[in-house]
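What follows is each chain in one-letter form.
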Amino acid sequence: MPLMTSQQYVESLAKMKRNIWFQGEKIEDPISHPMLIPSRKCLEETYNMALMPEYEDLLTATSHLTGRRINRFNHIHQNREDLNKKVKLQRLMGQRTGSCFQRCVIMDMANAFYSTTYEIDEKYGTEYFERFKQYITYCQEEDLIVAGALTDVKGSRGSKIGSDEQDKDLYVHVVERRPDGVVVNGAKAHLTGITNAHDVVVLPTQAMTPGQEDYTIAFTLPLDTPGITMIVGRQSCDTRKLEPGADIDLGNANYGGIEALTVFDHVFVPNENIFLNGETEFAGMLVERFAGYHRNSYGGCKSGVGDVVIGAASLIAQYNGTEKASHVKDKLVEMTQLNEQLYCAGIASSAEGWQTKAGNYMVDLLLANVCKLNVTRYPYEIIRLMEDIAGGIMVTAPSEADLKSGEIGHYVEKYLVGCGVKAEERLRCLRLCENLALGTAAVGYRTESMHGAGSPQAQKVMITRQGNFERKKALAKRIAGIRG
Ligand code: SF4
Ligand code: FE
């Protein structure tokens, strides 16, 4: 059945014996652990909304492989309209969750693998394309969540690659080759949503050169494969989730993203799960295409969360009684302008998409990189303006326990009262602002805006490559009447 309910999704996860750690302890029951639930709730929404008629057009698509209705997060884009819908879907989900909702990586990776494996086969007569088609068909039919693993932990960042490292495990690589598959070692960092996924797809972290064949490996595995360990990253204010009855202080009690450092300790990968194996010249194409799709994605998801930030700023202005002040109105307009610019670049890079040799559609790489470079800047300004509007009380307000205290609660009620609302409403809104700016959502909004889908320098390198300065010089020469 290609569309699971969220309950079936949770049941399918519960059957897996995964090795997940938080604060030095193994999580014995990942389904009921409060650290993991908000992340899963985001993913559950991708199932719930796919079954709601009002969201069907964005949340689902018709598979070109089976002709069946599938979740769009597992779709291979067939035209520019699909690329547009991808960004619209991401904005919608950002608005719905106020968080990184974590399911986009497979959509972006799958489309990169689809076109790249086709071109590898064309050159080498390999069978990666058929293999990958079979895998993505399986993901579509089973409605799986698949995490993506790109970033190697690295040691001497930038100065050494793969086999040049003293500790070779700082890059995921093949340590043993067998007739039926390979054994890999290493670790990948920042793996979004992996603790609530069924499978992981692993690819090289960057372009590779001849001699780096063992580091040029891409494959998929179920996340309960022996030898895989997930270590959940700390987030600011994260252990508020562990407080009994925590609600108001969380700011966003239902949703949140999670990342994990994921270790592959002598993990066996069968041949049928391998999509790249030593073809060094294609590692760059795979990474560049995945990064292009994911940089386009940020125009959707970050503008969606930005809508929540603007909503929270607008609401707290109302509760603080400053809503009519002209400087507050001006700040809200500025936040909106910046946020819509992020979306514009996302949509533009979709609208200028092109068909690959394999038949699926790729976003415009220059515009997608400009989109992501904007994302490394504007959310910081949007958050700065929200903090300005919210006031210092955003970080000094008393806790939910104080509000509910039989002894001092009446003080909090009286002195935190809002303009036309009770202290509780004002506190809820302030905590949402705090969560977006400094709490768990900041991981998926602010800092992720900087480093997710590649740090700013990576976009500058691509913009340099895609900017076509020679053509622009020729335009200028022609107009200036310069010959030669
Ligand atoms: Fe999706 Fe955005 Fe999260 Fe990436 S950062 S997984 S594009 S929501
Ligand atoms: Fe991300």
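Relevant structure appears above.
Residues numbered from 1 in each chain as written. Chains lettered and ligands numbered in written order. Predicted model: local features only at pLDDT ≥ 70, side-chain atom pairs only at ≥ 80, totals over all residues. Heavy atoms only, no water.

## With respect to the overall build of the protein
When you go through the protein residue by residue, the secondary structure sums to 17 helices and 14 strands. In terms of C-alpha radius of gyration, the protein reaches 23 Å, essentially the compact-globule figure of 23 Å for 484 residues. Expressed along its principal axes, the backbone C-alpha trace of the protein runs to roughly 75 × 70 × 50 Å. The proportion of buried residues among the 484 residues of the protein is 56%. Intrachain contacts of the protein at a sequence separation of at least 6 include 77% that bridge at least 24 residues. (Helix = DSSP H or I, 4+ residues; strand = E, 2+ residues; numbered from the N terminus. Rg over C-alpha atoms; globule rule 2.2 N^0.38 Å. Buried < 20%, exposed > 50% of the residue type's maximum accessible area, 1.4 Å probe, protein only. Contact = heavy atoms within 4.5 Å.)

## Notes on the pattern of salt bridges
Going through the model one piece at a time under the given rule, you end up with 30 salt bridges. Here D57 and K85 are joined by a salt bridge, their closest N and O atoms 2.9 Å apart. Taken together, the residues span a long stretch of sequence, with D57 in helix 3 (residues 56-59) and K85 in helix 4 (residues 80-97) at a distance of 28 residues. By relative accessible area, which is 15% here, K85 ends up buried. Note that D152 is salt-bridged to K188, the shortest N-O span being 3.3 Å. Pair noted here: D152 is in the loop between strand 5 (146-149) and strand 6 (173-178) and K188 is in strand 7 (residues 181-192), with a separation of 36 residues, a long-range link. Like K188, D152 is buried. Through salt bridges with shared partners, a single network forms among R240, D249, R431 and E434. (Salt bridge = Lys/Arg side-chain N within 4 Å of Asp/Glu carboxyl O.)

## Considering the sheet that holds strand 10 (residues 228-232)
Reading across from one edge, 2-1-10-11-7-6 is the order of the six strands in this open sheet, with mixed pairing throughout. Both outer strands of the open sheet, strand 2 (25-26) and strand 6, are each paired with one neighbouring strand and no more. Here five bridges tie strand 6 to strand 7, and the two strands are oriented antiparallel to one another. Across the sheet, R177 pairs through a bridge with V182, a residue of strand 7. (Pairing = 2+ DSSP bridges.)

## Looking at the pairing of strand 11 (residues 259-270)
Where strand 7 meets strand 11, nine bridges bridge the pair, whose relative direction is antiparallel. Pairing of V182 across the sheet is with V269, part of strand 11. By the bridge criterion, five bridges tie strand 10 to strand 11 in an arrangement that is antiparallel. Paired with T229 across the strands is V263, a residue of strand 11.

## Focus on the coordination of the iron ion (ligand 2)
Each protein donor to the iron ion (ligand 2) is listed here as Y298 (OH) and E448 (OE); together their distances run 2.3 to 2.5 Å. Of this pair, Y298 sits in helix 7 (residues 283-320) while E448 sits in helix 15 (residues 440-451); the two residues are 150 residues apart in sequence, bridging distant segments of the chain. The same class applies to Y298 as to E448, namely buried. (Donors = N, O, S within 2.8 Å, 3.2 Å for Na, K, Ca; no water.)

## Focus on the sheet that holds strand 8 (residues 199-202)
Ordered by their spatial adjacency, four strands build an open sheet running 5-8-9-12, and the pairing between neighbours is mixed. Only two strands of the sheet have a single partner each, and these edge strands are strand 5 and strand 12 (274-277). Strand after strand, the sheet turns through a mean of 20° between neighbouring axes, direction not considered. (Axes fitted to C-alpha atoms, helices over the stretch in contact; angles between N-to-C directions.)

## With respect to the site of ligand 1
As a matter of local geometry, ligand 1 sits amid C100, F101, Q102, C104, H294, S297, Y298, C301, K302 and E448. When residues of the shell around ligand 1 are assigned to their parent elements, the largest contribution, five residues, is made by helix 7. A class-by-class count of the residues in the shell around ligand 1 yields five nonpolar, three polar and two charged. (Near = heavy atom within 4 Å. Nonpolar A, V, L, I, M, F, W, Y, C, P; charged D, E, K, R; others polar.)

## Brief notes about the side chain of N374
Structurally, N374 is set in helix 9 (residues 365-375). You can call N374 buried: its relative accessible area is 15%. Not counting residues up to four positions away in its chain, the partners in contact with N374 are L342, A345 and P379.

## Looking at the pairing of strand 9 (residues 217-222)
Where burial is concerned, most of strand 9 is hidden: five out of the six residues are buried. Strand direction decides the pairing type here: strand 8 and strand 9, joined by four bridges, are antiparallel. When the sheet's bridge partners are listed, D199 is paired in strand 9 with P222. Pairing of strand 9 with strand 12, which is carried by three bridges, proceeds in the antiparallel orientation. Paired with A218 across the strands is L276, a residue of strand 12.

Geometry only, nothing functional implied.
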